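Descriptive structure summary
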Amino acid sequence: MTGTTQREAAVAAGLRDVFATGRTRDLQWRLEQLRGIERLCDEREREIADALAQDLGRPAFDSWLADVAPTKAEATYARKHLHRWMRRKRIGMPLSQWPARGWVQYDPLGVVLVIGAWNYPFYLSVAPLVAAFAAGNCAVLKPSELAPATSSLLARLLPQYLDAEAVRVVEGDGATTQALLAEGFDHALFTGGTEVGKLIMAGAAPTLTPVTLELGGKSPVIVTADADLDVAARRIAWVKLLNSGQTCIAPDYVLAARAVADALVAKIVENLERFRAGERTASQRIVNDRQFDRLAGLISSTTGTVVAGGGSDRSTLHMEPTVIVGPGADDPVMTQEIFGPILPVVPVDSLDAAIRYVNAGPKPLALYVFTESTELARAIIDVVPSGGAVVNHVAMHVLVAQLPFGGVGASGMGAYHGRWGFEALSHRRAVLAKRTTPDPTLFYPPYSRLAVALMRKIF
């Protein structure tokens with residue numbers, strides 16, 4: 001056993017010992033952890049923003065909006081509703097079991113592994129901990145090594161605000177993640193790309209560790225001919241610019257009715273320019289060389305027309321928000337998840353053509369529909385599978401703790417947030433409580449003809 005694997009083994013064993021004490025099951029313990037996360041968000045907002053600026057070049061307000069505020073909101077929502085979530089659910093009994101009582105209770109799983117992502121390295125690390133602690137578990141957090149400042153911050157601050165014996169931060173790269181998975185956890189929650197998600201699932205398989213995978217995919221925007229183009233353009237442009245487009249639920253491409261496509265493109269470009277007008281530069285920071293080169297390749301290889309942006313500076317890892325009109329279906333920008341400030345817009349001749357286009361590919365993490373018709377929006381959602389869907393906006397469903405957040409197919413498995421996260425990281429345990437009387441011997445073998453007749457009716 002190497003030094004690295006010894007570390008992971010010791011961390012896992014130590015947390016199992018803490019869980020065995022039973023203290024994490026207590027409601028007050030859980031509430032204390034949730035309050036700790038709230039205080040962390042309030043008291044350390046500046047330090048969190050500074051770390052995110054180092055890792056991603058993100059403005060402080062954007063860091064509050066995208067990382068700090070939603071994390072605190074998750075913790076606050078869970079704290080306010082946890083007592084009700086923890087209640088046993090009484091279940092009615094069939095005649096065959098009378099007299100008896102039955103219920104479902106939510107038991108902690110044990111020790112949970114959270115594998116964070118680099119694009120929202122605070123939110124996507126700490127929000128899953130909300131679910132883990134609400135469910136009464138101990139947890140290991142492995143932050144992304146691609147956001148080293150935030151990873152170091154989490155390793156330093158989390159033990160100050162949470163039960164330091166019940167949560168451990170283990171920093172490292174992919175080898176560390178695999179070493180942790182080899183220890184066998186009661187659940188693993190991973191946020192990241194689809195290809196890495198496959199490695200996580202493979203690493204979890206030998207120990208039969210159940211997984212929640214929040215992956216990516218090409219989330220489409222369908223804009224119908226009756227859509228409010230001003231609203232659609234503003235909302236698409238705003239969310240596309242967040243975090244330099246490095247968002248798993250960012251609008252990946254737009255399928256616009258041909259009659260309104262030109263007007264929509266013009267409005268999107270106008271908004272991209274207006275939203276960046278107050279910045280020092282029109283370009284946006286990309287996380288590292290590898291991602292920069294990949295994105296630059298998507299632009300240079302397209303057969304579409306670059307109508308805005310297209311410029312980049314590798315020395316500073318900055319890239320202009322770029323709009324491409326009419327790329328070919330086989331262009332890499334249309335076959336790969338973009339995860340950057342590039343927005344392809346494809347005019348389509350009919351709504352059926354848009355639906356066929358989306359359904360020909362893997363199921364996306366999110367689907368966005370802009371239309372003034374409620375019936376049309378529902379019709380589109382019903383025939384286009386996706387992890388989640390939003391009508392007349394983009395990505396806002398992730399901020400609603402009352403809704404489950406997760407993927408389907410290649411975009412992920414399982415869901416969390418709010419009660420859904422509490423249940424995902426709990427064991428729904430069935431309990432049947434029987435009385436010792438009455439205990440008619442009629443129903444024990446050897447069975448009489450009367451017993452058989454009665455049992456056939458009752459059971």
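About the criteria used
Residues numbered from 1 in each chain as written. Predicted model: local features only at pLDDT ≥ 70, side-chain atom pairs only at ≥ 80, totals over all residues. Heavy atoms only, no water. UniProt positions renumbered as here; feature names shortened; annotations may be inferred. Helix = DSSP H or I, 4+ residues; strand = E, 2+ residues; numbered from the N terminus. Contact = heavy atoms within 4.5 Å. Areas by Shrake-Rupley, 256 points an atom, 1.4 Å probe, with all protein chains shown as cover. Lys, Arg positive; Asp, Glu negative; His and termini not counted. Charge placed at Lys NZ, Arg CZ, Asp CG, Glu CD. Axes fitted to C-alpha atoms, helices over the stretch in contact; angles between N-to-C directions. Parallel < 35°, antiparallel > 145°, perpendicular 65-115°, else oblique. Left-handed = near helix turned anticlockwise from the far one by under 90°. Nonpolar A, V, L, I, M, F, W, Y, C, P; charged D, E, K, R; others polar. Patch = residues over 30% accessible without salt bridge, like charges linked within 9 Å, V, L, I, M, F, W, Y side chains within 5 Å. Salt bridge = Lys/Arg side-chain N within 4 Å of Asp/Glu carboxyl O. Pairing = 2+ DSSP bridges. Disulfide = S-S within 2.5 Å. Buried < 20%, exposed > 50% of the residue type's maximum accessible area, 1.4 Å probe, protein only. Right-handed = clockwise from strand over helix to strand, strands pointing away. Core = buried A, V, L, I, M, F, W, Y, C linked by side-chain atoms within 4.5 Å.

By the naming in an unreviewed UniProt entry, the chain is Aldehyde dehydrogenase, taken from Mycolicibacterium phocaicum. The record in UniProt for the chain states the following under Sequence similarities (unreviewed entry): "Belongs to the aldehyde dehydrogenase family."

**Considering the overall build of the chain**
Helices and strands together make up the secondary structure of the chain, namely 16 helices and 21 strands. The C-alpha extent of the chain, read off along each of the three principal axes, is 85 × 55 × 40 Å. For the chain, restricting intrachain contacts to residue pairs at least 6 apart in sequence, the fraction spanning at least 24 positions comes to 71%. Carbon and sulfur atoms form 54% of the exposed surface of the chain, whose accessible area is close to 20400 Å². The averaged location of the 46 negative side-chain charges in the chain is 11 Å from the averaged location of its 47 positive side-chain charges.

**Some details on the UniProt feature "domain: Aldehyde dehydrogenase" (unreviewed entry) in the chain**
The positions that UniProt labels "domain: Aldehyde dehydrogenase" (unreviewed entry) are, in the present scheme, residues 8-430. A helix fraction of 44% and a strand fraction of 20% characterise residues 8-430, whose end C-alpha atoms lie 33 Å from each other.

**Digging into the packing of helix α2 (residues 27-43) against helix α5 (residues 123-134)**
Two numbers describe how α2 lies on α5: the axes approach to 9 Å, and their chain directions differ by 165°. The angle between α2 and α5 falls in the class roughly antiparallel. For the crossing formed where α2 meets α5, the hand is left-handed. Across from W29, R30, Q33, L34 and I37 in α2, the residues of α5 making contact are V126, V130, F133 and A134. Residues belonging to the contact of α2 with α5 are distributed by class as follows: seven nonpolar, one polar and one charged.

**Comments concerning a nonpolar patch on the surface**
A cluster of nonpolar residues, L95, W98, L450, L454, I458 and F459, forms a patch on the protein surface that exposes about 650 Å² of accessible area. Inspection of the secondary structure assignment puts F459 in the segment after α16 (449-458).

**Notes on the sheet that holds strand β14 (residues 322-325)**
The strand order across the open sheet built from seven strands is β11-β14-β15-β9-β8-β16-β17, with neighbouring strands paired in mixed fashion. Strands at the two margins of the open sheet, each flanked by one partner only, are β11 (305-308) and β17 (388-391). For this sheet, the mean inter-axis angle between neighbouring strands, taken without regard to orientation, is 25°. The pairing of strand β16 (residues 366-370) with β17 spans four bridges and is parallel. When the sheet's bridge partners are listed, A366 is paired in β17 with G388.

**Let's talk about the state of the cysteines**
Throughout the structure, instances matching the rule amount to zero disulfides. Note on C41: no disulfide assigned, nearest cysteine sulfur contributed by C248 at a separation of 19 Å.

**Some details on the sheet that holds strand β3 (residues 111-115)**
Strand order in this open sheet of six strands is β5-β4-β3-β6-β7-β19, and the pairing throughout is mixed. Of all the strands in the sheet, just β5 (167-169) and β19 (412-413) have a single pairing partner and so form its edges. Bridge count between β3 and strand β6 (residues 187-191): four bridges; the pairing is parallel. Each bridged residue has a counterpart across the sheet, and for L113 the counterpart in β6 is A188.

**Section: the pairing of strand β7 (residues 211-214)**
Side chains V211 and L213 project from β7 onto one buried face, and the interleaved T212 and E214 project onto a second face that is buried too. Here β6 pairs with β7 via four bridges, running parallel. Looking at β7, one finds that A188 is bridged to V211. In this region the chain leaves β6, passes through helix α8 (residues 194-204) and returns to the parallel neighbour β7; the handedness of that crossover is right-handed. As judged from the two bridges shared by β7 and β19, these two strands associate in the antiparallel manner. Paired with E214 across the strands is G412, a residue of β19.

**Re the nonpolar core**
V223, I236, I249, V254 and L264 are the most contacted members of the largest nonpolar core, which has 112 residues in total. Not counting residues up to four positions away in its chain, the partners in contact with I236 are V221, V223, P251, V254, I268, L343, F370 and V394. M334, I338, V348 and I355 belong to the second-largest nonpolar core, a separate cluster that totals 25 residues.

**Comments concerning the UniProt feature "active site" (unreviewed entry) in the chain**
Mapped onto this structure's residue numbering, the UniProt feature "active site" (unreviewed entry) falls at E214 and C248. The annotated residues occupy 35 residues of the chain but converge on a single region, no pair of C-alpha atoms lying more than 8.9 Å apart. Relative to the helices and strands, E214 resides in strand β7. Taking relative accessible area as the criterion, E214 reaches 2% and is therefore assigned buried. Leave out the neighbours within four places in its chain, and E214 touches F190, T191, G192, F405, G406, G407, S411, G414, A415 and Y416. Along the chain, C248 turns up in the loop between α9 (229-241) and β9 (253-257).

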